[in-house]
Amino acid sequence: MITREHCAALDAADPLAHCRARFDLPPDTIYLDGNSLGAMPANVPARIRRALEQEWAHGLIRSWNDADWYPAPQRTGNRIATLIGAGRDEVIVADSTSVNLFKVLVAATRMRPGRPVILAERTNFPTDVYVADSVAEMTGRELRCVDPADVLGAIDETVAIVSLTHVNYKSGWCYDMAQVTRRAREAGALIVWDLCHSAGAMPVRLNDCGVDFAVGCGYKYLNGGPGAPAFVFVASRHLAQVRQPLTGWHGHARPFAFTHDYEPHPGIDRMLTGTAPQLGVIALESALEAFDGVDLDVLRAKSVALGNLFIDLADQQLAGLGCRLASPRDPRERGSQVSLAHEEGYAIMQALIARNVIGDFRAPDILRFGFAPLYVRYVDIWDTIAALEDIVRTGAWNTEAFKTRKSVT
Ligand SMILES: Cc1ncc(COP(=O)(O)O)c(C=O)c1O
């Protein structure tokens, strides 16, 4: 029998417990939605205030040079590189994940002429499939979507690109990146990983695995804020050949030469298009300080322990109440979230949120709970399951207010 005292003891022994103070979290709120919008690091407002009140208001345009605004996408990319197993100058911050995916898929497809297939998976996040579909149409290829279990078998010599998401947004199911990347390379295909649900939640080893391209967002486990700019990784061995389609002036070798002809930057800057959303980049850059001194293996160990605790408590407290585990039990196959399925999932999640326990809902019946190891506590897991048990047992979810769908779920 797991008790709340046991969870409190786990918190007392948690080597990452001190990191929670790096975030400005509302009191009396349990936040299990860092896989959708990360919590705000406490240092960000002061940095943004300085950017607004000094650098913009008084520095004006001089701040592109004097406040080092211009190289912020590169600096921030290098910080992210340390979290995803990339080298210096292989990662840059730009645009959104969807836009970066478009740039990378077109660039990769151009590097594999004569191969007719872009391979993706059916359960991927919709934007990944929509973008791949459009790229296939534009480049005269076929988009082939298969079930995750069939991906390895579907990689053959016809495949130009394999485009997958490392951790599935609904179930939290995690690919074996090393195995799939190896298979793609054996077949001569290029691989693109979407790291939206793994960057900042677990160690990612892009270069150890031999990955070609990756993209990911800044607003989930990296805590960059709503609509934070995304990042893009290109393995250094490909940089000289990569020709991405959105050839804006910031991707030029000499943007301020203002030449008529496009000449791509020799390095990762060629993945840029236009002017960075500077306040967003600054927020993301300062938010990443929350990872200072954090050992990613320790981070992963806590994420696994939080997930295991959630599943064990769900088994203990929710049996017979209509909740089904919708994530892998084996932590080696799981990212940093656990999902439960319940046919009244939407209303149940609204009832939980009304009690200041914040997760989210994904249609048709998934309750998602994300565990950002820098700020989620073991007692939060206990309290969440206790609230969930009460809501389901008493039918407290069964009101018109909780059943009425809002536009963002
Ligand atoms: C796996 C995955 N890829 C892409 C996206 C969308 O990213 P963006 O809105 O930055 O284009 C999301 C958003 O949740 C996601 O979960």
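Residues numbered from 1 in each chain as written. Predicted model: local features only at pLDDT ≥ 70, side-chain atom pairs only at ≥ 80, totals over all residues. Heavy atoms only, no water.

Student: So, helix α12 (residues 345-354): which residues are in play, and what are the values?
Tutor: α12 sits mainly inside the fold: eight of its ten residues count as buried. Phi for Asn356, located one or two positions after α12, is positive at around 65°. (Buried < 20%, exposed > 50% of the residue type's maximum accessible area, 1.4 Å probe, protein only. Helix = DSSP H or I, 4+ residues; strand = E, 2+ residues; numbered from the N terminus.)

Student: Tell me about the pairing of strand β2 (residues 91-94), and please be specific about residues and values.
Tutor: Neither face of β2 is exposed, since Val91 and Val93 on one face and Ile92 and Ala94 on the opposite face are all buried. Relative to strand β8 (residues 230-234), β2 is paired through four bridges, and the arrangement is antiparallel. From the neighbouring strand, Ala94 faces β8, where its bridge partner is Ala230. (Pairing = 2+ DSSP bridges.)

Student: I'd like a rundown of the side chain of Asp194, residues and numbers included.
Tutor: Positionally, Asp194 belongs in strand β6 (residues 190-194). Among the polar contacts listed, one links the side chain of Asp194 to the backbone nitrogen of Cys196, at a separation of 2.8 Å. (Polar contact = N/O pair within 3.5 Å; in protein donor to acceptor, adjacent residues only side chain to side chain.)

Student: How would you explain the nonpolar core if you had to name every residue and give the values?
Tutor: In this structure, Ile84, Trp193, Leu195 and Phe369 are the most contacted members of the largest nonpolar core, which totals 92 residues. Summarising the domain contributions, this core has at least three residues from each of domain 1 (4-16 + 294-403) and domain 2 (46-291). Not counting chain neighbours up to four residues away, the residues in contact with Phe369 comprise Leu32, Phe310, Ser336, Gln337, Val338, Leu340, Met349, Leu352, Thr384 and Leu388. Within the second largest apolar cluster, 31 residues are counted, among which are Leu105, Ala107, Val129 and Met271. (Core = buried A, V, L, I, M, F, W, Y, C linked by side-chain atoms within 4.5 Å. Domains from an automatic or database assignment. Contact = heavy atoms within 4.5 Å.)

Student: Outline the pattern of salt bridges, supporting the account with residue identities and numerical values.
Tutor: Taken as a whole, this structure holds 21 salt bridges when the rule is applied. Its salt-bridge partner being Arg4, residue Asp383 comes within 2.8 Å of it at the nearest N-O pair. Of this pair, Asp383 sits in helix α13 (residues 378-394) while Arg4 sits in helix α1 (residues 4-12), placing them 379 residues apart in sequence. A residue is classified by how much of its surface remains accessible, and Asp383, at 24% relative accessible area, is partly exposed. Each of Arg20, Arg377 and Asp380 takes part in one network of salt bridges that share partners. (Salt bridge = Lys/Arg side-chain N within 4 Å of Asp/Glu carboxyl O.)

Student: Lay out the packing of helix α4 (residues 72-84) against helix α10 (residues 278-287) in plain terms, naming residues and giving numbers.
Tutor: Following both chains from N to C, one finds α4 and α10 inclined at 30°, their axes separated by 10 Å at the closest point. Put simply, α4 runs roughly parallel to α10. Considering the relative orientation of α4 and α10, their crossing is left-handed. Note on element contacts: α10 touches α4 through Gln278, Val281, Leu284 and Glu285, opposite Ala72, Pro73, Arg75, Thr76, Arg79 and Ile80. In terms of residue class, the contact of α4 with α10 is made up of five nonpolar, two polar and three charged. (Axes fitted to C-alpha atoms, helices over the stretch in contact; angles between N-to-C directions. Parallel < 35°, antiparallel > 145°, perpendicular 65-115°, else oblique. Left-handed = near helix turned anticlockwise from the far one by under 90°. Nonpolar A, V, L, I, M, F, W, Y, C, P; charged D, E, K, R; others polar.)

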